[in-house]
Amino acid sequence: MLEIKGLKVKLEDEDKQILKGVDLKVEAGKVHAIMGPNGSGKSTLSYVLSGRDGYEVTDGEATLDGEDLLDMEPEERAAEGLFLAFQYPVEIPGVSNMTFLRTAVNAQRKARDEEELSATDFLKDIRAKAKTLKIDADMLKRPVNMGFSGGEKKRNEILQMAMLEPKMCILDETDSGLDVDAMKLVSEGVNALRDEGRGFLVITHYQRLLDHIKPDVVHIMADGRIVKTGGPELALEVENNGYADILAETA
Amino acid sequence: MSLLVQKQEATAALLDGVSVPAGASWITSIRDAAMARVVDNGLPHRRDEYWKYTRPDTLTAQDPVPAPVFDSGEAPMFDEIDRLKVVFVDGIFDADQSDALEGEGFTIECLSDVAQKDIHWAKDLYGQLEAKGQDPVERPLASLNTALAEDGIVIHVTGKVSRPVSFIYKHEDENSDAILHHVVKMEEGTSFTLLENGPAAARFNTVLEVDVPDNAEFHHVRAQGRDHDRRAATHMFARLGTESVFKCFTVTVNGVLTRNECVLELTGDDAVAHVAGACVGDGEFSHDDTVFITHDAVNCESRQVFKKVLRNGATGVFQGKILVKPDAQKTDGYQMSQSLLLDDDSQFLAKPELEIYADDVACSHGSTSGAIDEEGLFYLRARGVPKDIATDLMTLAFLAEAVEEIEDEALADCILTRLEGWLERRRG
Ligand SMILES: Nc1ncnc2c1ncn2[C@@H]1O[C@H](COP(=O)(O)OP(=O)(O)O)[C@@H](O)[C@H]1O
Ligand SMILES: [Mg+2]
């Protein structure tokens, strides 16, 4: 599904190398987790994959089902089925959540030469999905993320993911700032989407989320590289001992 | 030679041989007085304090710059609204295309008829608010209008009128030079809505004087025509009585030069005045909103909300002033003017002014100029919305904040739908 080979990335305006050769392969139907200290480059990886400005790929490649991602505009990547749940969801004044989602869903359908969703079908779909995430009608009407609490923003990300039905989902610290109940809602939302045809890359600091969303593979990222890869037990090790031991053994 | 003498000489030369239209004696004396104001003040000059950002020369020149007629191919604005239609073609009233000039709760007449009557109530209003509005900032193009206008509409509102009156300005002659002067006199406790739309002429000079007495409510929504080369200098003068309401909104898309002046005087306690505008300019486009609001009573509210979207070298100007007189305590004055610059070639020039002589007032103003929010744009694109559509979504959201100032939802919808369509058409 998602294949990253020797990816090196620096900041566009600064001579600062952030990713120093990342190799990663997420298969369809699998959940991979990435853990790692702050500043190790996890968000940068997710941004570079989704096409944000400000980064320069100096080496390596990233493909989604064989298609070169790095060559595409952000909207083309989305239409190909890539989705990033943002660590910091963006507020967009004046654009209602509903309009935003309908525009996004239909733009992706159009890009894939599929028929646009009718207003009624869209409404039915979004109401049902919003309900399971405890997102009320008022939140759907409000401008995108404006005045949403941290937890509401994260639930809104999952709603978008549920509506867009991407094939490769990247979740960047979707658990941070969530209380126990919200965490449950969010992970149920993610689990509902788990499917043979879908891959997940879950960036997190905490075992807590991984208790709900059971990963198949866990990677540790440090200083712009994947330094260790293992099974779910690796996350438990981090939970108990922190990163120090792992970093020491791989240094 | 001082600027004033220079202006007076240029104006005298320009007006040599020009005389005010024939009419009844009351209007002739008003027109003569207005002409005297023009000659005394001189027509606007680019070195005038309030003409620094907008070049007045094409507005004051002998002849208008020709403006090709533009066919948008779309239904006229406000088509879906039930209204009394009053049509002008190149600034001349067209009875055949207009509805019968009658309605419940008001009388409506043509200025050309009124001007021939020996006695008419309009003598107390025509040119009067305009004359008063010359102090402390001169508006010579408005005086010129009072002196020379032969056509326009004169309305007397005597009841609560729900069906709007709609002035439709058609432009058919690419050399037309139109001057229209409208007057609306309201009785206490009445209400009225006026709509205006269309390009009017190659060059258009308009004055609207509205007397809004105690407990009266006046609404105004205007869409200026989309002909690319049209030029317009518009002036609105209103006096507000106790607990009265005045709300106006203007949308402007295209037009090489637009100067919209709005001069309001709040003379009765608890009056409310809102002035709003949204404009979208692309390329050869210069749009100027010049507002002067005088608070001269207690506990009045005034609110200005202007939004401008500019690209490809378009220029936006905002000159907004709130003057609070010594006894106008508890004034609530709000002024916001924002521009969204879609490229580096475009510019927004803002001159917000507050002059406050009372101590117990709350006045605020904010003027901002910025590009589209890159974070928001990326967020939308990351969800699959193409860049141009994402930009339009955010642009429309920006403009909507001004459109929301329109109280009537159907009218606000008309404007928003059009703006959305125009942005979309531009995408091709
Ligand atoms: N746009 C940017 N400008 C400056 N520094 C950046 C930028 N993006 C990332 N960095 C730097 O790159 C490093 C990795 O950041 P990030 O990818 O956010 O790490 P993580 O998500 O693992 O905490 C940090 O040192 C961060 O300061
Ligand atoms: Mg991060």
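The coordinates are above.
Residues numbered from 1 in each chain as written. Chains lettered and ligands numbered in written order. Predicted model: local features only at pLDDT ≥ 70, side-chain atom pairs only at ≥ 80, totals over all residues. Heavy atoms only, no water.

> Explain the pairing of strand S8 (residues 203-212) of chain B here, please?
Side-chain positions along a regular strand alternate between the two faces of the sheet. Residues and elements named next belong to chain B. Of all 10 residues making up S8, 10 are buried, and the element is well covered by its neighbours. Residue alternation in S8 divides its side chains into two sets, Arg203, Asn205, Val207, Glu209 and Asp211 and Phe204, Thr206, Leu208, Val210 and Val212, and both sets are buried. Bridge count between strand S6 (residues 177-186) and S8: nine bridges; the pairing is parallel. Paired with Lys185 across the two strands is Asp211, which belongs to S8. In the sheet, S8 pairs with strand S10 (residues 231-240) via 10 bridges, with the strands oriented parallel. The residue bridging Val212 from the neighbouring strand is Leu240, located in S10. (Buried < 20%, exposed > 50% of the residue type's maximum accessible area, 1.4 Å probe, protein only. Helix = DSSP H or I, 4+ residues; strand = E, 2+ residues; numbered from the N terminus. Pairing = 2+ DSSP bridges.)

> Looking at this structure, I do not really get the pairing of strand S4 (residues 55-64) of chain A. What am I missing?
Residue and element names in this part refer to chain A. Note that strand S1 (residues 2-11) and S4 share eight bridges and pair antiparallel. What sits directly across from Lys5, in S4, is Glu61. Sheet topology places S4 next to strand S5 (residues 67-68); two bridges connect them, and they run antiparallel. The partner of Thr63 across the bridge, within S5, is Asp68.

> What am I meant to see in a negative patch on the surface here?
Together, Glu12, Asp13, Glu14, Asp15 and Asp53 of chain A together with Asp373 and Glu374 of chain B give the surface a local cluster of negative charge. Examined against the element boundaries, Asp15 of chain A turns out to sit in the loop between S1 and strand S2 (17-26). Taking the relative accessible area as the measure of exposure, Asp15 of chain A reaches 78% and is therefore exposed. (Patch = residues over 30% accessible without salt bridge, like charges linked within 9 Å, V, L, I, M, F, W, Y side chains within 5 Å. Areas by Shrake-Rupley, 256 points an atom, 1.4 Å probe, with all protein chains shown as cover. Salt bridge = Lys/Arg side-chain N within 4 Å of Asp/Glu carboxyl O. Lys, Arg positive; Asp, Glu negative; His and termini not counted. Charge placed at Lys NZ, Arg CZ, Asp CG, Glu CD.)

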